[in-house]
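For reference, the chains in residue letters:
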Amino acid sequence: MNIFKKVYCRAYQGVFKIMIPLLPYREPKILKTNEEVVGVLKEKDIDKVLLVTDKGIRGLGLTQSIEEEIKANGIDLFVYDETVPNPTTQNVEEALKVFKTKGCKALIAFGGGSVMDCAKAVGAKVARPKKPLKQMKGVLKVRKKIPLLVAVPTTAGTGSETTLASVITDSETRHKYAINDFPLIPSYALLDAKLTVGLPKHITSTTGMDALTHAIEAYIGRSTTKQTRRCALEAVKLIFENLPVVYKNGQDLKARENMLIAAYKAGLAFTKSYVGYVHAIAHSLGGKYNVAHGLANAIILPYVLKKYGKKIYKKLWELGVYAGLFAEETSVEEGAKRFIEKIEEMNKAMNIPTKIEQIVFEDIENLAKTAEKEANPLYPVPVLYTIEELKQIYLELKN
């Protein structure tokens, strides 16, 4: 990388690291029951609420109990269930129309990361009605309080219930971008393991690997804090111990609870310490080919970790030792390589492929440009890569 750009990227990241203790990060208050959600709504004098979800989740009846509980307490509930994977600007506009025409005062995001991204973007548009979504792309572009947002994750993966990010795909250009600002952090998170029990195996596996990617990228990056390192370590350990269990037996409620906790901790880690090239590449593929985010992360993760090489050996060794994957006496290099092998083994055991077949050779140049633009200078990655170096990763993923 050009030395001047490298200095710029590292200086930019250094300023953000210094500012972390000064920025208004906050953790959502954890709720355990639907009754507690209703209690919050009543406490805030909210009489009309919009529930944002998708047809799959609603079709499974997962939202039924909270819908009934809210209505039984005299609160008007309206539902937008058209959210798609990699939510679009069209989704946001449609949900926003319901929110405004029905006079809603709060949002409940009920689902996975896509649903939460959509609900957060709706909140951003309520807060900034005259500002197009694309003008809120990047960091600190919302800057106004959004309506009360309660996040109800139905997958243990995205950690979106803890984060300041909303990732949206432009309906016309298919460009995928992130909106990052502190008002987007949900005020409350309902963590109910029973909602995840019926997840299909492929959703359990890929969302779990999404959480693992969050924790690893947060830990190996250059903007960690004592808190984010602790959260990342705990998340990685919980995922290696519990993801194989819930993949084999989705009815194991304790393991499901542990995965929700892991996703939450990973979310707390990366919302402060950010992610890296795994996410930048995954976002480009999600925007271009609609590749599910968790699946993309799961496949890409080993490739990027190997490319970072010796620069991250010590940190991967630390993660592996803490997770109990090998003895502390294992050498740093051997442990780091074994850690990556464990990821590959877990992917294989859960029938996650090793390649992304949707990649078209002619698209790689633009995909790499998109990923490079997203990552540099924002993501405090262990090693800075150019467009040409990123292109090599796409080629490896394709072939």
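Thresholds applied
In this numbering scheme, every chain counts its residues from 1 along its sequence in written order. Residues qualify for local features only when their pLDDT is at least 70, as the model is predicted, and side-chain atom pairs are given and counted only at 80 or more; totals for whole chains, interfaces and linings, by contrast, use all residues. Note: side-chain values were computed over all heavy atoms of the structure, leaving out hydrogens and water. Helix numbering and strand numbering both begin at the N terminus, where a helix is a DSSP run of H or I of at least 4 residues and a strand a DSSP run of E of at least 2. With C-alpha atoms as the basis for the radius of gyration, the globule rule is written as 2.2 Å multiplied by the number of residues raised to the power 0.38. When a residue's accessible area, from a 1.4 Å probe over protein chains only, is under 20% of the maximum for its type it is buried; when over 50% it is exposed; and in between it is partly exposed. Contacts were defined at the residue level, with two residues in contact if any of their heavy atoms lie within 4.5 Å. Methods summary: accessible areas were calculated by the Shrake-Rupley approach with a probe of 1.4 Å, and residue burial reflects only the protein chains presented. Residues scored as positive are Lys and Arg, those scored as negative are Asp and Glu, and His as well as the terminal groups of each chain are ignored. Taken as the charge location is NZ of Lys, CZ of Arg, CG of Asp or CD of Glu. By definition here, a helix of n residues has an expected span of 1.5 Å times n minus one. Side-chain atoms alone can form a polar contact between residues adjacent in sequence; in general such a contact is a pair of N or O atoms within 3.5 Å, and within protein one must be able to donate a hydrogen while the other accepts it. Structural elements are reduced to axes, namely lines fitted to C-alpha atoms, with helices fitted over the stretch in contact, and the angle between N-to-C directions of any two is expressed from 0 to 180 degrees. These descriptions rest on fixed angle ranges, namely under 35 degrees for roughly parallel, over 145 for roughly antiparallel, 65 to 115 for roughly perpendicular, and the rest for oblique. With the far helix as reference, a near helix turned anticlockwise by less than a right angle produces a left-handed crossing, and one turned clockwise produces a right-handed crossing. Classes in brief: Ala, Val, Leu, Ile, Met, Phe, Trp, Tyr, Cys and Pro nonpolar; Asp, Glu, Lys and Arg charged; the others, Gly included, polar. For salt bridges, the criterion is a side-chain nitrogen of Lys or Arg within 4 Å of an Asp or Glu carboxyl oxygen.

Visitor: Which residues make up the overall build of the chain, and what values go with them?
Guide: Within the chain, the regular secondary structure consists of 15 helices and nine strands. Over its C-alpha trace the chain gives a radius of gyration of 20 Å, about what one expects of a compact globule, namely 21 Å for 399 residues. Overall size of the chain, expressed as C-alpha extent along the three principal axes, is 60 × 45 × 40 Å. Counting across all 399 residues of the chain, residues that qualify as buried make up 59%. Counted over contacts in the chain with a minimum sequence separation of 6, partners at least 24 positions apart contribute 79%. Per element, the accessible surface of the chain, about 16,600 Å² overall, is 54% carbon and sulfur. Distance between charge centres in the chain, computed from 58 positive and 44 negative side chains, equals 6 Å.

Visitor: Tell me what's going on with helix α9 (residues 253-273), and back it up with residues and numbers.
Guide: In this model, α9 (21 residues) spans 30 Å end to end at C-alpha, consistent with the 30 Å of a helix rising 1.5 Å per residue. Among the 21 residues in α9, 16 count as buried, and that is most of the element. Of the residues that open α9, the one with a side-chain oxygen 3.3 Å from the backbone nitrogen of Lys254 is Asp252.

Visitor: Break down the packing of helix α12 (residues 313-322) against helix α13 (residues 332-349) for me, citing the residues and quoting the values.
Guide: Put simply, α12 and α13 touch, their axes get as near as 8 Å, and they point 70° apart. Classed by the angle they form, the pair α12 and α13 counts as roughly perpendicular. Judged by the twist between their axes, the crossing of α12 over α13 is left-handed. When α12 is examined against α13, the residues Tyr313, Lys314, Leu316, Trp317, Leu319 and Gly320 are found in contact with a partner set consisting of Val332, Glu333, Gly335, Ala336, Lys337, Phe339 and Ile340. Partitioned by chemical class, the residues of the contact of α12 with α13 number eight nonpolar, two polar and three charged.

Visitor: Summarise the pattern of salt bridges; cite the residues concerned and give the values.
Guide: Under the counting rule described, the total for this entry stands at 17 salt bridges. Between Glu344 and Lys306 there is a salt bridge whose closest N-O contact spans 2.6 Å. Note that Glu344 is positioned in helix α13 and Lys306 in helix α11 (residues 293-308), a separation of 38 residues in sequence. Linking Glu333 and Lys337 is a salt bridge whose minimum nitrogen-to-oxygen distance equals 2.9 Å. Linking Glu333 with Lys337, this pair stays in helix α13, spanning four residues, or about one helical turn. A relative accessible area of 37% means that Glu333 is categorised as partly exposed.

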